[in-house]
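So you can see what is in the structure, the chains are spelled out below.
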Number of protein chains: 2
Amino acid sequence: MSLSLPASEFRNRVARAQTRMAGLDLGALLVTSEADLRYFSGFLTRFWESPSRPWFLIVPASGDPVAVIPAIGEALMQRTWVRDIRCWPAPRPSDDGISMLADTLSELAPGGRIGMPMGPGTQLRMPLADYFTLRSVLGGMSIVPDQGLVQDLRAVKSPAEIALIRQACAIGGRAFDRVPQIAAAGVGLDRVFRDFQRLCLEEGADWVPYLAGASDQGGYADVISPATSAPLRAGDVLMLDTGLVHEGYFCDFDRNYSVGQPSQEVRDAHARLIDATAAGFSAARAGAKACDLHAAMSAVPGARTAPGRLGHGLGMQLTEGFSILPDDISEMQVGMVLTLEPCIAMTDGRIMVHEENIVIGSDGPDWLSPPAGPDIPILEGIL
Amino acid sequence: MSLSLPASEFRNRVARAQTRMAGLDLGALLVTSEADLRYFSGFLTRFWESPSRPWFLIVPASGDPVAVIPAIGEALMQRTWVRDIRCWPAPRPSDDGISMLADTLSELAPGGRIGMPMGPGTQLRMPLADYFTLRSVLGGMSIVPDQGLVQDLRAVKSPAEIALIRQACAIGGRAFDRVPQIAAAGVGLDRVFRDFQRLCLEEGADWVPYLAGASDQGGYADVISPATSAPLRAGDVLMLDTGLVHEGYFCDFDRNYSVGQPSQEVRDAHARLIDATAAGFSAARAGAKACDLHAAMSAVPGARTAPGRLGHGLGMQLTEGFSILPDDISEMQVGMVLTLEPCIAMTDGRIMVHEENIVIGSDGPDWLSPPAGPDIPILEGIL
């Protein structure tokens, strides 16, 4: 992978943030999470997997961002567009960057209000006790909610971001096309999971942060379980749902396969899922609300959609931003990337779920994942 | 993968927690992060990759844990030993489990002190605004730091946990042995990264949450960067550092390879890294302190160890618990699993890092990763 986005991309993000910050009377914006920090800096590393060290980025009311980070990240941060990089030797439990962070905030926004993401879908990526310490040493400054500022900015993707997500989706599509090479009756689901991740890598994924799925008779009980070693059986519906990463951007879509010939119920359910996805796609126009997409998908005859959201925002995280729910009034805007994820309740309490990725364009929606057809693919082979 | 730990393992963890909770006068323990929640429940899913929903587990002062979780996780939680599972239809931004969580805490620990992990290495895995809401509705209860309780429990592994980490290390060892099949002068580092993850999966990894590394002339600048497409060159030192997962437990070790014949400086540095690792191993006995291991590794003649920690705890997370630092006085206990990770400063500001995984036994330390020899392996092939 390369750090492929130009500095202009990040300058534009910062400018958009600063415009909104002015409206909220924020002297600075402080972000701590992987995606938020990368959004403004381009800092891309898998090292976030280690929880030992906090990382901080400050967007001031004017001027360029300032990074306050562990020394282990200095060389990599220097390869981004960020020029003001302040480091401490972390881990240092007695003061893991807090005094340096407080000093930097005092310098950049004396007496000001510091906005932080703290609403739905966000997490504070630093020890809570350190947050309280920071608050206590900030003097005249206060920490306030960012009112969804960062989430709103991230929700609308640039053409460069959309291109990266499209590439991630293409990689996933090629991997799904090869599932008949790795899955058939008798193969353990855990082996299918391992081999599918291998296919994603072979097709160009940088890594595969997410894979869930299931295989059971005529549908499955849930969609978030890890694999067991139980072999696939004739009559199973195999579902694989992957979030793979290409240059820091996710796809998130799934495919269902019938192990051997499907029952009529499974055939029909798959076709209705595709109908519901198409209905969601048609409704996904700038100005529509997330709840409108939910209504469109739920209205498909015979779709019997199950409770729960039928899609969500997507980008630097597997799931981000709004939910396609009956009461989510988020408005679709040109550049938003989302999943359409209808779920059908089968007899016996099982479910089937289908998922595609789309982008809202100025002339209507566009598919990012290669959309599946109504006929559920059949795995007939013996491997 | 299977949910392979018996209920007795989790009962024992809860009993140990409750003993310490009594000493801290805690009416309940509340955990929100993946590893902490899994530690007490066995709830294993990659769905944490989605930040849209918070998850809660409560360990009361006596009795079994109670899960307060999104409905999407109910079926999987029912497969664990946890019997009291309370669900809400998440995401629900207006009340994402907070009222249900507050009611449950009031029921389990009326008027009591609720301990939460909030020290070094921990994160609050819920929106910060929801945490403030929770605090405001708790009535007579208060949220207090858990004083490192959960971290301390997790640091000492059971025999079953050690066996799982040993298996993870063996998988990593077999993948490292196959690096000559995928890496040689002329191959892009990004391709090496993809292929190495494939090898990890082929050798039995459930997934590969972490891979970092570098390849550069006579050493490398940092150890957390993602791969670029730059091809390996003769004279490079290639380092690959992986954290792969086996049934929810990590290994975390690296290997260095010379692309073509190494310089004398690289040969010597590699041998000194192995010396330093051996010195750390010898010092890693029950009763020793983390700083003693640091001193032993730093004292190796010619090791010129760079600043920063020279190892850390390991288990359900890539890094957890103590750091091998000059001022870390954490005491080694039988059952602790850790990495030894000496770093040598080369000329021109480059570094080389070596890493192995060990366990503290009652008769002394034991290798979990297959320890590397002093001679740096050489990649001569043309692929």
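As the structure is a prediction and not an experimental result, all values here were calculated from the model.

This part covers the environment of Arg113 of chain B. All names here are of chain B. If you trace the backbone, Arg113 turns up in strand S5 (residues 113–116). Its relative accessible area of 34% is what places Arg113 among the partly exposed residues. Sequence-wise, Arg113 and Met141 are 28 residues apart; in three dimensions their C-alpha atoms are separated by 5.7 Å. In contact with Arg113, not counting residues within four places along its chain, are Leu24, Asp25, Leu26, Gly27, Ala28, Ser142 and Val144. In terms of polar contacts, Arg113 uses its side chain to reach the backbone carbonyl oxygen of Leu24, at 3.2 Å.

This part is about the packing of aromatic side chains. For the structure on display, the rule yields 22 aromatic pairs over all chains. Geometrically, the ring pair formed by Trp48 of chain A and Trp55 of chain A is tilted, given 5.8 Å between the ring centres and 40° between the ring planes. Overall, the relative accessible area of 11% leaves Trp48 of chain A in the buried class. For Trp55 of chain A, a relative accessible area of 1% corresponds to the buried category. Among the aromatic residues, those joined into a ring-pair cluster are Phe43, Phe47, Trp48 and Trp55 of chain A together with Tyr210 of chain B. Between the NZ or CZ atom of Arg38 of chain A and the centre of the ring of Tyr249 of chain A, over which it lies, the distance is 6.0 Å.

In the superposition of chain A on chain B (RMSD 0.0 Å, axial shift 0.0 Å), the rotation amounts to 180°. Between the two chains, the operation in question is that of a two-fold axis. Rotation axis and chain A: the residue whose C-alpha lies nearest the axis is Arg198 of chain A, separated from it by 2.6 Å. Taken together, the interface assignments show that 100% of the residues at the interface of chain A recur at the interface of chain B, consistent with an identical surface on both copies.

Take the layout of surface pockets next. Its volume calculated, the second largest pocket comes out at about 800 Å³. Listed by contribution, the elements that provide at least two residues to the lining of the second largest pocket are helix H3 (74–77) of chain A together with strand S14 (343–345) and strand S15 (351–353) of chain B. Here the lining of the second largest pocket is built from residues that sort into 21 nonpolar, 6 polar and 10 charged.

Let us now look at the domain arrangement of chain A. Residue and element names in this part refer to chain A. When cut into domains, chain A gives domain 1 (7–153) and domain 2 (159–379). Computed over C-alpha atoms only, the centres of domain 1 and domain 2 are separated by 34 Å. In this complex, domain 1 contributes 8 residues to the contact, which on the side of domain 2 involves 10 residues. Buried surface at the junction of domain 1 and domain 2, summed over both partners, amounts to about 800 Å²; 58% is from carbon and sulfur atoms. Arg13 is the partner of Glu161 in a salt bridge, and the nearest nitrogen-oxygen pair spans 3.2 Å. For the pair domain 1 and domain 2, the interface holds 4 residue pairs in polar contact (both at pLDDT 80 or more). For the side of domain 1 that touches domain 2, the secondary structure elements donating two or more residues are helix H1 (7–23) and helix H2 (34–41).

Before going further, it helps to examine the packing of helix H9 (residues 264–283) of chain B against helix H10 (residues 290–298) of chain B. All names here are of chain B. The geometry of H9 relative to H10 is characterised by a closest axis approach of 8 Å and an angle of 145° between their N-to-C directions. H9 and H10 meet at a crossing whose hand is right-handed. Here Ala276, Ala279, Gly280 and Ala283 of H9 lie close against H10, whose contacting residues are Asp292, Leu293, Ala296 and Met297. Split into classes, the residues belonging to the contact of H9 with H10 amount to 6 nonpolar, 1 polar and 1 charged.

Here we come to the environment of Gln261 of chain B. All names here are of chain B. By the element assignment, Gln261 lies in the loop between strand S10 (253–259) and H9. Its relative accessible area of 48% is what places Gln261 among the partly exposed residues. Along the primary structure Gln261 and Ala295 are separated by 34 residues, whereas in three dimensions their C-alpha atoms are 32 Å apart. Residues within four places of Gln261 in sequence aside, it is in contact with Arg267, Ile378 and Glu380. Among the polar contacts listed, one links the side chain of Gln261 to the side chain of Arg267, at a separation of 3.1 Å. Within the structure, Gln261 has its side chain in polar contact with the side chain of Glu380 (distance 2.7 Å).

Let us now look at helix H9 (residues 264–283) of chain A. Given 3.6 residues per helical turn, the α-helix brings residues three or four places apart onto the same face. The terminal C-alpha atoms of H9 of chain A lie 29 Å apart, and with 20 residues this matches the ideal 28 Å at 1.5 Å per residue to within 8%. Restricting attention to buried positions, one finds in H9 of chain A the residues Val266, Ala269, His270, Ala271, Leu273, Ile274, Ala276, Thr277, Ala279, Gly280, Phe281 and Ala283 of chain A.

Turning our attention to the pattern of salt bridges. Residue and element names in this part refer to chain B. If you walk through the whole model with that rule in mind, you get 48 salt bridges over all chains. Put simply, Glu202 and Arg178 hold a salt bridge, and the shortest N to O gap is 3.0 Å. With Glu202 in helix H8 (residues 189–202) and Arg178 in the loop between helix H7 (159–177) and H8, this pair connects stretches of sequence that are 24 residues apart. Here Arg178 ties to Glu203 by a salt bridge, and the two come within 2.9 Å at their closest N and O atoms. Here Arg178, found in the loop between H7 and H8, pairs with Glu203, found in the loop between H8 and strand S7 (207–217); they are 25 residues apart in sequence, far enough to count as distant.

The interface of chain A with chain B comprises 64 residues on the first partner and 64 residues on the second. Interface area for chain A against chain B, summed over the two sides, is near 5,600 Å², with a carbon-plus-sulfur share of 57%. The interface formed by chain A and chain B contains 2 salt bridges. Taking the shortest distance from any N to any O, the salt bridge between Asp206 of chain A and Arg194 of chain B comes out at 2.8 Å. Linking chain A with chain B are 26 residue pairs in polar contact (both at pLDDT 80 or more). The greatest single-element share of the side of chain A that touches chain B, amounting to 6 residues, is contributed by helix H8 (residues 189–202) of chain A. Classifying every residue of the side of chain A that touches chain B by side-chain character gives 35 nonpolar, 16 polar and 13 charged.

Once that is clear, we can look at the sheet that holds strand S6 (residues 142–145) of chain A. To summarise the sheet geometry, strands pair through backbone hydrogen bonds and adopt either a parallel or an antiparallel arrangement. Residues and elements named next belong to chain A. With mixed pairing, 6 strands are arranged side by side in an open sheet as S4-S3-S2-S1-S5-S6. One side of each edge strand has no neighbouring strand; the edge strands of this open sheet are strand S4 (84–88) and S6. Strand-to-strand twist in this sheet, taken as the mean axis angle between neighbours without regard to direction, amounts to 25°. Here strand S5 (residues 113–116) pairs with S6 via 4 bridges, running parallel. Note on S6: the bridge partner recorded for Gly115 is Val144. Sheet strands touched by H1: strand S1 (28–31) and strand S2 (56–60). Its angle to S2, the strand with the most contacts, is close to 65°.

What counts, and where the lines are drawn
Think of each chain on its own: its residues are numbered from 1, step by step along the sequence as written. Both sets of labels track the order of writing: A upward for chains, 1 upward for ligands. Local features in this predicted model are restricted to residues whose pLDDT is 70 or higher, and side-chain atom pairs enter the listing and the counts only when it is 80 or higher, whereas totals over whole chains, interfaces and linings include all residues. Side-chain metrics in this entry use all non-hydrogen atoms of the structure; hydrogen atoms and water are not considered. Elements are defined by DSSP. Helices are runs of H or I of four residues or more, strands are runs of E of two residues or more, and each kind is numbered from the N terminus. Summary of the burial criterion: residues with accessible area below 20% of their type's maximum are buried, those above 50% are exposed, and those between are partly exposed, where the area comes from a 1.4 Å probe applied to protein chains only. Residue contacts are counted whenever heavy atoms from the two residues lie within 4.5 Å of one another. Between N or O atoms, a polar contact is any pair within 3.5 Å; within protein, one atom must be a potential hydrogen donor and the other a potential acceptor, and residues adjacent in sequence are included only when both atoms are from side chains. Between rings of Phe, Tyr and Trp, where Trp is taken as its six-membered ring, a pair exists when centres lie within 6.5 Å; planes separated by under 30 degrees are stacked, by over 60 edge-to-face, and by other angles tilted. Definition used: whenever NZ (Lys) or CZ (Arg) falls within 6 Å of the ring centre and also within 35 degrees of the ring normal, the charge is taken to sit over that ring. For the least-squares superposition of copies, only C-alpha atoms count, and only for residues with pLDDT at least 70 in both. Residues are called lining when one of their atoms sits within 4 Å of a cavity or pocket point, these points coming from a 1 Å grid over the protein atoms alone, where a cavity is a set in which a 1.4 Å probe fits but cannot get out and a pocket is an open set with protein on both sides within 12 Å along at least five of seven lines. Grid points are joined across faces, edges and corners, and a volume is the space filled by probe spheres set on the points. Lys, Arg, Asp and Glu make up the charged group, whereas Ala, Val, Leu, Ile, Met, Phe, Trp, Tyr, Cys and Pro make up the nonpolar group; the residues left over, Gly among them, are polar. As annotated, the domain borders come from an automatic or database domain assignment. The term buried area means the drop in 1.4 Å probe accessible area that two parts suffer when joined, counted for both and summed. Salt bridges are counted wherever a side-chain nitrogen of Lys or Arg sits within 4 Å of a carboxyl oxygen of Asp or Glu. For every element, the axis is a line fit to its C-alpha atoms; helices are fit only across the contacting stretch, and the angle between N-to-C directions ranges from 0 to 180 degrees. The sense of a crossing depends on the near helix, which, turned anticlockwise from the far helix by less than a right angle, makes the crossing left-handed and, turned clockwise, makes it right-handed. For a helix, the expected span equals 1.5 Å multiplied by the number of residues minus one. Pairs of strands are assigned from DSSP output, requiring at least two bridges between the strands.

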